[in-house]
Amino acid sequence: CFEISEIFRRYMQARLDFPAIDMTTEEIIPRVEDNGKMDKSLRPIVREFFTSTDMAKFAKYRPTQGEIEKIIEDTRTFIDKTTLAHAPGAEPAEGGDAP
(Lines give C-alpha, C1' and ligand atoms only; values in the text may rest on other atoms or scores of the structure.)
Protein backbone atom coordinates (compact mmCIF):
# COMPACT_ATOMS: atom_id res chain seq x y z
CA CYS A 1 0.00 0.00 0.00
CA PHE A 2 2.90 2.36 0.68
CA GLU A 3 4.35 1.79 -2.79
CA ILE A 4 1.10 2.00 -4.71
CA SER A 5 0.15 5.14 -2.78
CA GLU A 6 3.48 6.73 -3.72
CA ILE A 7 3.02 5.78 -7.38
CA PHE A 8 -0.54 7.10 -7.41
CA ARG A 9 0.50 10.38 -5.77
CA ARG A 10 3.37 10.87 -8.24
CA TYR A 11 1.02 10.24 -11.15
CA MET A 12 -1.57 12.67 -9.77
CA GLN A 13 1.11 15.29 -9.25
CA ALA A 14 2.36 14.99 -12.81
CA ARG A 15 -1.04 14.66 -14.50
CA LEU A 16 -3.22 16.98 -12.42
CA ASP A 17 -0.54 19.54 -11.62
CA PHE A 18 -0.61 19.82 -7.83
CA PRO A 19 1.92 18.64 -5.20
CA ALA A 20 0.15 15.40 -4.25
CA ILE A 21 3.34 13.78 -2.94
CA ASP A 22 3.68 16.36 -0.17
CA MET A 23 -0.03 16.56 0.67
CA THR A 24 -2.21 14.67 3.11
CA THR A 25 -5.35 12.86 1.98
CA GLU A 26 -7.42 15.65 3.55
CA GLU A 27 -5.58 18.15 1.35
CA ILE A 28 -5.77 16.04 -1.82
CA ILE A 29 -9.50 15.26 -1.84
CA PRO A 30 -10.67 18.91 -2.23
CA ARG A 31 -8.06 19.45 -4.96
CA VAL A 32 -9.37 16.43 -6.84
CA GLU A 33 -12.97 17.53 -6.46
CA ASP A 34 -12.19 21.03 -7.75
CA ASN A 35 -9.91 19.86 -10.58
CA GLY A 36 -11.37 20.52 -14.01
CA LYS A 37 -8.93 18.10 -15.68
CA MET A 38 -10.60 15.02 -14.26
CA ASP A 39 -13.97 13.42 -14.93
CA LYS A 40 -16.29 13.69 -11.91
CA SER A 41 -16.96 9.94 -12.04
CA LEU A 42 -13.37 9.35 -10.84
CA ARG A 43 -13.82 11.20 -7.56
CA PRO A 44 -15.18 8.17 -5.67
CA ILE A 45 -12.24 6.08 -6.91
CA VAL A 46 -9.80 8.63 -5.51
CA ARG A 47 -11.60 8.85 -2.17
CA GLU A 48 -11.78 5.05 -1.84
CA PHE A 49 -8.14 4.65 -2.87
CA PHE A 50 -6.87 7.01 -0.19
CA THR A 51 -9.21 5.64 2.48
CA SER A 52 -7.99 2.11 1.78
CA THR A 53 -4.29 2.90 1.56
CA ASP A 54 -4.36 5.23 4.58
CA MET A 55 -5.89 2.45 6.69
CA ALA A 56 -2.99 0.18 5.78
CA LYS A 57 -0.36 2.90 6.17
CA PHE A 58 -1.49 4.52 9.40
CA ALA A 59 -3.93 2.20 11.18
CA LYS A 60 -1.86 -0.96 10.67
CA TYR A 61 -4.80 -2.55 8.84
CA ARG A 62 -3.79 -5.56 6.74
CA PRO A 63 -5.87 -5.55 3.55
CA THR A 64 -7.02 -8.83 2.12
CA GLN A 65 -5.77 -10.03 -1.26
CA GLY A 66 -9.12 -8.97 -2.74
CA GLU A 67 -8.78 -5.46 -1.27
CA ILE A 68 -5.25 -5.13 -2.66
CA GLU A 69 -6.45 -6.25 -6.09
CA LYS A 70 -9.26 -3.64 -5.91
CA ILE A 71 -6.74 -0.90 -5.04
CA ILE A 72 -4.61 -1.87 -8.03
CA GLU A 73 -7.65 -2.11 -10.32
CA ASP A 74 -8.86 1.34 -9.22
CA THR A 75 -5.39 2.77 -9.81
CA ARG A 76 -5.35 1.37 -13.34
CA THR A 77 -8.85 2.70 -14.00
CA PHE A 78 -7.86 6.17 -12.80
CA ILE A 79 -4.72 6.21 -14.96
CA ASP A 80 -6.54 4.86 -18.02
CA LYS A 81 -9.25 7.52 -17.72
CA THR A 82 -6.87 10.42 -17.12
CA THR A 83 -4.21 9.58 -19.71
CA LEU A 84 -3.94 12.19 -22.42
CA ALA A 85 -5.42 11.23 -25.77
CA HIS A 86 -3.03 10.08 -28.46
CA ALA A 87 -1.82 12.57 -31.04
CA PRO A 88 -3.33 12.23 -34.54
CA GLY A 89 -1.56 9.47 -36.46
CA ALA A 90 -0.22 7.84 -33.28
CA GLU A 91 -0.86 4.18 -32.59
CA PRO A 92 -3.86 3.69 -30.28
CA ALA A 93 -3.36 1.98 -26.94
CA GLU A 94 -4.01 -1.75 -26.92
CA GLY A 95 -7.76 -2.26 -27.10
CA GLY A 96 -8.27 1.43 -27.92
CA ASP A 97 -10.00 2.93 -30.91
CA ALA A 98 -8.08 4.28 -33.84
CA PRO A 99 -7.80 8.09 -33.90
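Structure's up top.
Residues numbered from 1 in each chain as written. Predicted model: local features only at pLDDT ≥ 70, side-chain atom pairs only at ≥ 80, totals over all residues. Heavy atoms only, no water.

Novice: So what's going on with the pattern of salt bridges? Residues and values would help.
Specialist: Applying the stated criterion across every chain yields a total of 4 salt bridges. Across the pair Glu6 and Arg10 runs a salt bridge whose closest N-O atoms are separated by 3.0 Å. Taken together, the residues span about one helical turn, with Glu6 and Arg10 both in helix H1 (residues 2-16) at a distance of 4 residues. Overall, Arg10 belongs to the partly exposed group, its relative accessible area being 48%. Here Asp74 and Lys70 are joined by a salt bridge, their closest N and O atoms 2.9 Å apart. In this pair, Asp74 and Lys70 both sit in helix H4 (residues 65-82), 4 residues apart, roughly one turn of the helix. The exposure class assigned to Asp74 is buried, which follows from its relative accessible area of 7%. A network of salt bridges, in which partner residues are shared, links Glu48, Lys70 and Asp74. (Salt bridge = Lys/Arg side-chain N within 4 Å of Asp/Glu carboxyl O. Helix = DSSP H or I, 4+ residues; strand = E, 2+ residues; numbered from the N terminus. Buried < 20%, exposed > 50% of the residue type's maximum accessible area, 1.4 Å probe, protein only.)

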